[in-house]
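An overview of the molecular structure
Take a look at the letters that make up each chain.
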Amino acid sequence: MDEARIQEFLLRLLAARSYATEEAAAARVLGDELAAVGFTVDVDDWGNVIGTLRLGDGPTVLLDAHLDTVEVPDPAQWQHDPRGEVVDGVVYGRGAVDMKGALAAAVHGAAALRTEQRGTIVISGSVCEELVEGPALSRVVEQVRPDAVIICEPSANRLVLGQRGRAEVEIEVHGRTSHSAYPEAGVNAAEVMADVMTAVRQLRFGEHPDLGPGMIALTNLKSFPHPNVSMVPDRCVATYDRRTVLGEHDAGVLKPLRELADPIAVAAGARVDVRIATTEFTTYRGVPVEADSFAPAWWTDPATWPARDALTGLAAAGLDPTPGYYAFCTNGSASAGRCGIPTLGFGPGDPDRAHTVDESLSLEDLHRAARGYSALLRAVLTA
């Protein structure tokens, strides 16, 4: 593999700003590079870039790396150019870790197998993952129908075999407004919500031996009307991030919260709704999307294909064969959690560097990842 070319490709990706719903420039960069190294390239109706390399009979393996990044709120806080630069063997830029570095490594790691004669390799640059995990990859999976999927999120170049899921849950209390000088005439939705929130903190959830415990965290709280002077609020909405374990589904996530909140609301003369939040956006190709903010947990058995063979291939290439698990949510919730497709994770960089000021990835990690993608693809395709 041409390490200089991988680096140059990554810098072009970093220079192409690609905030969620604004991925068009990065999509063009990716499509051009895929075509240049021998892939056939399609861009679907959502704007997902899909590159295909047909080697021969055998399984189809899809590598997914989302094109979008989080924003750079204040470039002045960066010591290095968020549009990409290399200093002392380190690549800096928004998306270096999450996850344009992985995309650059995956494209060239896969292209190195052009002379192999088994299987099909597909690389997707998917859109809008930073808004909601899963829907864009689900759209790709419908078209590709892969036998296995590799999620290219950062993993410090270790194979990942699962993750907890994520549900964004909204609890909405409906009370009755009154003048705040006469609070007894109303039902204060914010005060009822305070009782609900206190009760939620006592909930306990299941635990998976590899993925860890389920949990819940308050992420947002709003009362209405707002702004408000001398009025008891008649509505209050709390948003929770609920991390799920294997086997939990949306109805099962909502049931204990409803059972807890309903009697508290009724006792106060209020009403409560508990629901999965929805995310709405329009892709850069103009397609409107509305999706539930629920991404299931997933886990892949290390003793089965493709994990078993990928671990063997990484070990033979001199990479750490100890499997790990993502602490965050990924598009694997679509491929494995919803579609039941055997799914792995592998990508360069420290996950803790994602979304940070001066986000960075060492060139050593970048090039090791390219070799890693080649090794695990060869092992999985020839098993």
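Our subject in this report is the structure included herewith. (Residues numbered from 1 in each chain as written. Predicted model: local features only at pLDDT ≥ 70, side-chain atom pairs only at ≥ 80, totals over all residues. Heavy atoms only, no water.)

**Describing the overall build of the protein**
Formally: By the criteria applied, helices consist of DSSP H or I runs no shorter than four residues and strands consist of E runs no shorter than two, each listed in order from the N terminus. This radius of gyration counts C-alpha atoms alone. The globule rule is 2.2 Å times how many residues there are, raised to the power 0.38. Think of it in three bands: residues with accessible area under 20% of the maximum for their type are buried, residues over 50% are exposed, and the middle band is partly exposed, with areas taken using a 1.4 Å probe on protein chains only. Contacts are assigned to residue pairs that have any heavy atoms within 4.5 Å of one another. Method for areas: the Shrake-Rupley scheme with a 1.4 Å probe, in which residue coverage is limited to the protein chains shown. When charges are counted, neither His nor the chain ends are considered; positive counts come from Lys and Arg and negative counts from Asp and Glu. For charged residues, the charge sits on one atom: NZ in Lys, CZ in Arg, CG in Asp, CD in Glu.
Secondary structure assignment for the protein yields 9 helices and 21 strands. Computed over its C-alpha atoms, the radius of gyration of the protein comes to 23 Å, within 12% of the 21 Å expected for a compact globule of 383 residues. Along the first, second and third principal axes, the C-alpha atoms of the protein reach 80 × 45 × 35 Å. Going through the 383 residues of the protein one by one, you find that 55% of them count as buried. Considering only intrachain contacts with a sequence separation of at least 6, the fraction spanning at least 24 residues in the protein is 79%. Put simply, the protein shows about 15,900 Å² of open surface, and 48% of that area lies on carbon and sulfur atoms. Averaging the positions of the 33 positive and the 53 negative side-chain charges in the protein gives two centres separated by 2 Å.

**A closer look at the environment of isoleucine 276**
As for its position among the elements, isoleucine 276 is in strand 14 (residues 271–276). Separated by 22 residues in the primary sequence, isoleucine 276 and leucine 254 place their C-alpha atoms 7.7 Å from one another.

**Topic: the packing of aromatic side chains**
Definition in use: Aromatic pairing here means that ring centres of Phe, Tyr or Trp (its six-membered ring) are within 6.5 Å. Orientation follows from the plane angle: under 30 degrees is stacked, over 60 is edge-to-face, and everything else is tilted. Should the NZ of a Lys or the CZ of an Arg lie within 6 Å of a ring centre and within 35 degrees of the ring normal, that charge is described as sitting over the ring.
One pass over the full model with this rule turns up 2 aromatic pairs. Considering the side-chain rings of tyrosine 326 and phenylalanine 328, the 5.0 Å spacing of their centres and the 40° angle between planes classify their relative orientation as tilted. Residue class for phenylalanine 328 comes out partly exposed when judged on its relative accessible area of 25%. Arranged with centres 5.1 Å apart and planes meeting at 85°, the rings of phenylalanine 346 and tyrosine 373 form a pair that is edge-to-face. With phenylalanine 346 in the loop between strand 20 (343–345) and strand 21 (360–362) and tyrosine 373 in helix 9 (residues 363–382), this pair connects stretches of sequence that are 27 residues apart. When its relative accessible area of 0% is taken as the criterion, tyrosine 373 is described as buried. Over the aromatic face of phenylalanine 224 sits the side chain of arginine 235, whose NZ or CZ is 4.0 Å from the ring centroid. Directly above the aromatic system of phenylalanine 205 lies the positively charged group of arginine 242, at a separation of 3.8 Å from the ring centroid.

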